[in-house]
Amino acid sequence: MPLPDLDSSVGHSFGLEFDSVLIRQITEVTGLKMEQDVIELKQNTADGKYAIKKLPGRPKAGEVTVTRGLTEDNSFERWITDSRFGRMNNARRNGSIIVYDYEGIPIKRYKLINAWPKTLEISALKAGDTSVLTEKLAITFESIEVE
């Protein structure tokens, strides 16, 4: 269901989908941005004044971090193992970060092109602590598209 005009969306939940495998338990996504270089064109105008014009340059590669609660699922570990041992044919994948509304309906997809895992970080392990254990996966990508 599309949002009414002038209404903003609330990211109720998030998912990560790579190779038709969907992980819906993502609790946080950070660093998701589209960026490009800026080219400065320095020139003189027809009346002889100095002017600088800015033009869009090449798109930049990026990095996004996804966080989820620690579970028995070892898909993050398998994926980062491929990249650590140079099996980039297996490690480099296309996938999406999906934003869901409160009814679980996808409202936006951010497609990551040629993405591979850079780091996997497990939260601090403290005896007697009652906080949820999490794992953070930093994913490097070559380009991003909004679907």
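Above this text sits the structure in question.
Remember, predicted model here, so these are calculated numbers, not experimental data.

Quick notes on the side chain of Thr 140
As for its placement among the helices and strands, Thr 140 is situated in strand 8 (residues 134-141). Judged by its relative accessible area of 17%, Thr 140 is buried. Contact partners of Thr 140, with chain neighbours within four places excluded, come to Gly 62, Glu 63, Asn 114, Ala 115, Trp 116 and Lys 118.

Examining a nonpolar patch on the surface
A cluster of nonpolar side chains, contributed by Leu 70, Ile 122, Leu 125 and Leu 133, occupies part of the molecular surface with about 350 Å² of accessible area. Tracing the chain through its elements places Ile 122 in strand 7 (residues 106-122).

Thoughts on the environment of Arg 68
By the secondary structure assignment, Arg 68 is in strand 5 (residues 62-69). The spacing of Arg 68 and Ile 23 is 45 residues in sequence and 9.2 Å in space, taken between C-alpha atoms. Excluding residues that lie within four positions of it along the chain, Arg 68 makes contacts with Ile 23, Gln 25, Ile 26, Thr 27, Asp 73, Ser 75, Phe 76, Leu 133, Thr 134 and Glu 135.

Brief notes about the packing of aromatic side chains
Across all of its chains, the model carries one aromatic pair by this definition. Residues Phe 18 and Trp 79 carry aromatic rings whose centres are separated by 4.7 Å and whose planes lie at 50° to one another, so their mutual orientation is tilted. Of this pair, Phe 18 sits in strand 1 (residues 13-18) while Trp 79 sits in helix 1 (residues 75-84), and the two are 61 residues apart along the sequence. The residues Phe 18 and Trp 79 share a single accessibility class, namely buried. The ring centre of Tyr 100 lies 3.9 Å from the NZ or CZ of Arg 24, which sits over that ring. In this structure, Arg 68 packs its charged tip against the face of Phe 76, placed 3.9 Å from the ring centre.

What counts and what doesn't
- Residues numbered from 1 in each chain as written.
- Predicted model: local features only at pLDDT ≥ 70, side-chain atom pairs only at ≥ 80, totals over all residues.
- Heavy atoms only, no water.
- Helix = DSSP H or I, 4+ residues; strand = E, 2+ residues; numbered from the N terminus.
- Buried < 20%, exposed > 50% of the residue type's maximum accessible area, 1.4 Å probe, protein only.
- Contact = heavy atoms within 4.5 Å.
- Patch = residues over 30% accessible without salt bridge, like charges linked within 9 Å, V, L, I, M, F, W, Y side chains within 5 Å.
- Areas by Shrake-Rupley, 256 points an atom, 1.4 Å probe, with all protein chains shown as cover.
- Salt bridge = Lys/Arg side-chain N within 4 Å of Asp/Glu carboxyl O.
- Phe/Tyr/Trp six-rings, centres within 6.5 Å; stacked < 30°, edge-to-face > 60°.
- Lys NZ or Arg CZ within 6 Å of the ring centre and 35° of its normal.

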